[in-house]
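Residues per chain, in single letters:
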Amino acid sequence: MDSATGFTEIALATRVLLVVAVVTVLFVIVGYVIDRSAERPTRSKDR
Amino acid sequence: MAFDFTPTHLHLLLNHFPTIGFIIGLGLFVIALIARSDHIKIGSLVVLVGISIITIPTYITGNAASQEICIASNLTGPCPDGVTSRSLIEQHEGAALIALAFMVITGGFAWLGLWQWRRFGAVSGWNHPVIMMLGVLTLAIVSRAAALGGEIRHPEIRVTAETANKQFGRVVGDFISNTPWTWITAETLHFIGLTFMLGVLTLILFKVIGILPTVTYDALDRLLPWAILGFGLNTLTGMLFFAAAPYQYVDNVAFYYKLGFILVAGVLTLLYTFDPSWTREGQPASGRTRALAGVTLFLWVGVMFWGSMLPFIGNAF
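Residues numbered from 1 in each chain as written. Chains lettered and ligands numbered in written order. Predicted model: local features only at pLDDT ≥ 70, side-chain atom pairs only at ≥ 80, totals over all residues. Heavy atoms only, no water.

A tally of regular secondary structure across chain B gives 10 helices and zero strands. In sequence order, chain B lays out its α and β elements as α-α-α-α-α-α-α-α-α-α. Against the compact-globule benchmark of 20 Å for 317 residues, chain B has a radius of gyration of 21 Å, which places it among compact chains. With respect to the principal axes defined by its C-alpha atoms, chain B has extents near 65 × 50 × 50 Å. The burial tally for chain B puts 48% of its 317 residues in the buried class. Taking the intrachain contacts of chain B between residues at least 6 apart in sequence as the baseline, contacts between residues at least 24 apart amount to 77%. Within the structure as shown, chain B displays about 14800 Å² of accessible surface, and the carbon and sulfur contribution to it stands at 71%. (Helix = DSSP H or I, 4+ residues; strand = E, 2+ residues; numbered from the N terminus. Rg over C-alpha atoms; globule rule 2.2 N^0.38 Å. Buried < 20%, exposed > 50% of the residue type's maximum accessible area, 1.4 Å probe, protein only. Contact = heavy atoms within 4.5 Å. Areas by Shrake-Rupley, 256 points an atom, 1.4 Å probe, with all protein chains shown as cover.)

Here it is in structure tokens:
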């Protein structure tokens, strides 16, 4: 593998990883918000 | 009389569902809010989820129909019959792709409402305005897609002007297929979605079958939104693949098996997760329920099988 090809592949992989990371973080934020809303409300007699 | 049922027939059968079904679902939702009826609200959410699922094969079979009447015979020029408009087909495709994305998101919020209702006995207050706002927007977008679709084969009602501009579906499709990093990125996200969806669903089905007796139904139930988020991510990334190269899929038998397995497995999973019988802690599920869980698990494994077989059986890629 020559250096030019190596650079292209690294640039490509970096871009893929960046976009995947951004989308995954958004995915996890949405999932986390929904998960927090999934807490069963505590009734007063349980406190 | 010979009857050859093709994806084009399926498109003609399904193409009214997204518009009319969505009007019924959203109409029921409005009536439920006015009448303050939980029963009507639940019914409306079921309709909205169902219609969002039906929109997936409606979109896909649209490309098969366009191949039949125009695209396959000539990839750049006018349609061979001289009546059908290539520009309208591409405008319809672009509008339908946007409509599909909005349908999936609206269907996701409707599912969340159903899940909240089953879990807490009520839908969150914030979910109503979100479904209402998305619903009105989605109805407008899907109505435009439907109107453009009607004009393709009906010159007598045609009002949309021909245009040489590249339409949204082709802009997205060409961006995915001609940019080196996009396909790989979508593929990676597709697998992340698959991991979330099948990870959660497999645990639930194992629990129902009786393999995971120590994990509680409540813990598994709480994970369900992650599975649905994964399904949403997979649908959106899957549609990007399809928009990039629709004609390698519409003649691909493995793709239709994958789609069929997804639809049946998806419907069974929805039936499953909203059936209260699977959440009776400490009681083994009935033999029928366990058999159904086994079938559902088989179908989800089949979805992965047919997805893997796309290049080998159907000669895609």
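Okay, back to it.
Turning to the packing of helix α4 (residues 86-120) of chain B against helix α5 (residues 127-152) of chain B, a few remarks are in order. Residues and elements named next belong to chain B. In contact at an axis separation of 8 Å, α4 and α5 are set at 155 degrees when each is read in the N-to-C sense. Judged by the angle between their axes, α4 and α5 are roughly antiparallel. Between α4 and α5 the crossing geometry is left-handed. Here the residues of the contact of α4 with α5 sort into 21 nonpolar, nine polar and two charged. (Axes fitted to C-alpha atoms, helices over the stretch in contact; angles between N-to-C directions. Parallel < 35°, antiparallel > 145°, perpendicular 65-115°, else oblique. Left-handed = near helix turned anticlockwise from the far one by under 90°. Nonpolar A, V, L, I, M, F, W, Y, C, P; charged D, E, K, R; others polar.)

Let us look at the interface of chain B and chain A. By a widespread convention, an interface's size corresponds to the accessible area lost as its parts come together. Taken residue by residue, the interface counts 20 residues in chain B and 20 residues in chain A. Around 1900 Å² of area is buried between chain B and chain A when both sides are counted, 74% of it from carbon and sulfur atoms. It is Trp181(B), Arg222(B) and Trp226(B) in chain B that bury the most area against chain A; as a group they hold 33% of the surface buried on that side. At the boundary of chain B and chain A, one finds one salt bridge. In this structure, Arg222(B) and Asp35(A) form a salt bridge, with 2.9 Å as the shortest nitrogen-oxygen distance. The interface formed by chain B and chain A includes one residue pair in polar contact (both at pLDDT 80 or more). Among the elements of the structure, α4, α7 (180-209) and α8 (217-244) of chain B are those that each provide at least two residues to the side of chain B that touches chain A. (Buried area = accessible area lost by both parts, 1.4 Å probe. Salt bridge = Lys/Arg side-chain N within 4 Å of Asp/Glu carboxyl O. Polar contact = N/O pair within 3.5 Å; in protein donor to acceptor, adjacent residues only side chain to side chain.)

Residues and elements named next belong to chain B. The N-to-C vectors of α4 and helix α6 (residues 168-178) enclose an angle of 75 degrees; their axes lie 6 Å apart at closest approach. By the angle between their axes, α4 is roughly perpendicular relative to α6. On α6, the residues that touch Glu-90, Glu-93, Gly-94, Leu-97 and Ile-98 of α4 are Phe-168, Gly-169, Arg-170 and Val-172.

The next subject is the packing of aromatic side chains. All names here are of chain B. Here the structure, examined in full by the defined rule, presents 16 aromatic pairs over all chains. On the basis of an interplanar angle of 65 degrees and a centroid distance of 5.9 Å, the ring pair of Tyr-59 and Phe-242 is categorised as edge-to-face. Here Tyr-59 is found in helix α3 (residues 38-69), whereas its partner Phe-242 is found in helix α8, with 183 residues between them in sequence. Classification of Phe-242 by relative accessible area gives buried; the value is 1%. On the basis of an interplanar angle of 15 degrees and a centroid distance of 6.0 Å, the ring pair of Trp-111 and Trp-115 is categorised as stacked. Taken together, the residues span about one helical turn, with Trp-111 and Trp-115 both in helix α4 at a distance of four residues. Of the two residues, Trp-111 and Trp-115, neither departs from the other in class, the shared state being buried. One aromatic cluster is present, built from ring pairs that chain together Tyr-59, Phe-242, Tyr-249, Phe-255 and Tyr-256. Between Lys-207 and the ring centre of Tyr-217, over which it is positioned, the NZ or CZ distance is 4.7 Å. (Phe/Tyr/Trp six-rings, centres within 6.5 Å; stacked < 30°, edge-to-face > 60°. Lys NZ or Arg CZ within 6 Å of the ring centre and 35° of its normal.)

Turning to the state of the cysteines, a few remarks are in order. Residues and elements named next belong to chain B. Summed over all chains, the structure comprises one disulfide over all chains. One disulfide in the model links Cys-70 with Cys-79; its S-S distance is 1.9 Å. On the sign convention where negative means left-handed, the S-S torsion of about -90 degrees between Cys-70 and Cys-79 marks this disulfide as left-handed. By relative accessible area, Cys-70 is classed as buried at 1%. Its relative accessible area of 5% is what places Cys-79 among the buried residues. (Disulfide = S-S within 2.5 Å.)

Here we take up the pattern of salt bridges. Residues and elements named next belong to chain B. Following the criterion strictly, the structure yields seven salt bridges over all chains and no others. The salt bridge partner of Lys-166 is Asp-174, with a shortest N-O separation of 2.8 Å. For Lys-166, a relative accessible area of 51% gives the class exposed.

In this section: the environment of Cys79(B). Residue and element names in this part refer to chain B. Position of Cys-79 among the secondary structure elements: in the loop between α3 and α4. Along the primary structure Cys-79 and Ile-69 are separated by 10 residues, whereas in three dimensions their C-alpha atoms are 7.5 Å apart. With residues near it in sequence (within four places) discarded, Cys-79 still touches Ile-69, Cys-70, Thr-84, Ser-85, Arg-86 and Ile-89.

Another aspect to go through is the confidence of the model for chain B. All names here are of chain B. Considering every residue of chain B, the mean pLDDT works out to 89; 95% of them sit at 70 or more. By mean pLDDT, the top-scoring element of chain B is helix α2 (residues 17-35) (96), and the lowest-scoring one is helix α1 (residues 7-14) (89). The ipTM value of the predicted complex is 0.81, and its pTM value is 0.87. (pLDDT = per-residue confidence, 0-100.)

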